[in-house]
Amino acid sequence: QNEPTAAVNPLNVLKMTSGANDYCPVPTTTDAWAGFYYSSNGGVSWVNSLLPGYPTDTSAEGRASPLFGLVTSAGDPVQDWDRANHVYYGGIAFNRAKPANGSIWVARYNWNPPFVAPDHEFTTIVSRGTPSPIFVGHFEDKVELEADDGLNSPFQNNVYMCWARFTGSGPNNFIEFARSSDGGRTWQRQKLSESIHGNQECDIGVTRTGQVYVTWRQYEFFGDR
């Protein structure tokens, strides 16, 4: 497992979740997949699982995932909790050969009573990449996620994501931003770096009053230099 993420429930700090690029299923699924891990005792012990939708998933929720049959790899995990006992798990999904389909996804897990473990409710594709060869067409990557858990926020439980769209031409890469006001089911997207290109590696911060800040890094490209 590598590139880990972790998040703590603001309503119950004993409930923790984590994720990683999990290479353990490679012998059966052919590639790394998004691992999902949880602890109900403050990190003393953990239960391991995979995000539903991996290529050999036989479960009903796995077969219902929009990732099932679309991609063979999922990872680059990011997580955050809202104030309604939901944890949001986001990342990228893709194929290493054509069709790349490099897409941004988010899954919502519910850990409200009576659930003794996080219950996967759904996975949604926030932005879908093109089926071109990898890194030639549109490939969505470098994702970040933040849920509004501010006590004084009028936008409490909104969820925000940002990521880089790689276009196959470095100077034309740009940052995208998405907001969900219905618990991650639907998303409104917009391009942020309209006049500044060659961007990637964004981050999101949300204040206790609901203000959202997005930062990103700009790169300069010099051709063969």
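Please refer to the structure placed before this passage.
Since we're looking at a predicted model, the values are computed, not measured.

About the thresholds
- Residues numbered from 1 in each chain as written.
- Predicted model: local features only at pLDDT ≥ 70, side-chain atom pairs only at ≥ 80, totals over all residues.
- Heavy atoms only, no water.
- Disulfide = S-S within 2.5 Å.
- Helix = DSSP H or I, 4+ residues; strand = E, 2+ residues; numbered from the N terminus.
- Buried < 20%, exposed > 50% of the residue type's maximum accessible area, 1.4 Å probe, protein only.
- Salt bridge = Lys/Arg side-chain N within 4 Å of Asp/Glu carboxyl O.
- Pairing = 2+ DSSP bridges.
- Axes fitted to C-alpha atoms, helices over the stretch in contact; angles between N-to-C directions.
- Core = buried A, V, L, I, M, F, W, Y, C linked by side-chain atoms within 4.5 Å.
- Contact = heavy atoms within 4.5 Å.
- Phe/Tyr/Trp six-rings, centres within 6.5 Å; stacked < 30°, edge-to-face > 60°.
- Lys NZ or Arg CZ within 6 Å of the ring centre and 35° of its normal.

**Student:** What exactly am I supposed to notice about the state of the cysteines here?
**Tutor:** What is meant by a disulfide is a covalent connection between two cysteines, made through their sulfur atoms. All told, the structure shown has 1 disulfide when counted by the stated rule. Between the sulfur atoms of C162 and its disulfide mate C202 the distance is 2.2 Å. Judged by the sign of its S-S torsion, about 105 degrees, the cystine formed by C162 and C202 is right-handed. Of this pair, C162 sits in strand β10 (residues 159–166) while C202 is found in strand β13 (residues 199–206), placing the two residues 40 residues apart along the sequence. Judged by relative accessible area, which is 0%, C162 ranks as buried. Residue C202 is classed as buried on the basis of its relative accessible area, which comes to 5%.

**Student:** Help me understand the pattern of salt bridges in this model?
**Tutor:** Pairing of side chains with opposite charge becomes possible as their charged atoms draw close. Going through the model one piece at a time under the given rule, you end up with 4 salt bridges. A salt bridge links R165 to E140, with the shortest nitrogen-to-oxygen separation between them at 2.7 Å. Here the residue R165 occupies a position in strand β10, and E140 occupies one in strand β9 (residues 139–147), the gap between them amounting to 25 residues. The pair formed by R165 and E140 is uniform in burial state, with each residue classed as buried. Salt-bridge contacts for E176 lead to R165; the nearest nitrogen and oxygen are separated by 3.6 Å. Linking E176 in strand β11 (residues 174–180) with R165 in strand β10, this pair joins segments that are 11 residues apart in sequence. The residues E176 and R165 share a single accessibility class, namely buried.

**Student:** Honestly, the sheet that holds strand β4 (residues 47–50) in this entry has me stumped. Any pointers?
**Tutor:** Working definition: the strands of a sheet are paired by backbone hydrogen bonds and lie parallel or antiparallel to each other. In spatial order, the strands read β1-β2-β3-β4; together these 4 strands make up an open sheet with antiparallel pairing. Each edge of the open sheet carries a strand with a single partner, namely β1 (2–8) and β4. Looking at each pair of strands side by side, their axes are set apart by 20 degrees on average, direction ignored.

**Student:** What is the right way to look at the sheet that holds strand β8 (residues 119–127) in this model?
**Tutor:** Read across the open sheet, the 4 strands follow the order β5-β6-β7-β8; overall the sheet is antiparallel. The two strands at the open ends of the sheet, each matched to only one other strand, are β5 (73–81) and β8. Put simply, the sheet's adjacent strands are angled 25 degrees from each other on average, direction ignored. Summarising the sheet, β5 and strand β6 (residues 86–94) pair through 7 bridges and their orientation is antiparallel. From the neighbouring strand, S73 faces β6, where its bridge partner is F94.

**Student:** Can you help me understand the nonpolar core in this one?
**Tutor:** Side chains that are nonpolar tend, in soluble globular proteins, to be buried together. Counting 25 residues, the largest nonpolar core has V126 and M161 as its most contacted members. Secondary-structure elements contributing two or more residues to this core are β6, β7 (103–110), β9, β10, β11 and β13. If you tally residues by element for this core, the top one is β10, at 7 residues. Excluding anything up to four places from it in sequence, V126 contacts I104, W105, V106, M161, W163, A178, W187 and R189. Counting 19 residues, the second-largest nonpolar core is a separate cluster that includes A34, L67, L70 and A107.

**Student:** Would you explain the packing of aromatic side chains in this entry?
**Tutor:** To describe a pair of aromatic rings, you give the distance between the ring centres and the angle between the ring planes. Per the counting criterion, the structure on display carries 9 aromatic pairs. An angle of 20 degrees between the planes, with centres 5.9 Å apart, marks the rings of Y160 and F177 as stacked. In this pair, Y160 sits in strand β10 while F177 sits in strand β11, placing the two residues 17 residues apart along the sequence. Through a chain of ring-to-ring contacts, three or more aromatic side chains come together here, namely F36, Y89, W105 and Y109. The cationic tip of K191 hangs over the ring face of F174; the distance from NZ or CZ to the ring centre is 4.3 Å.

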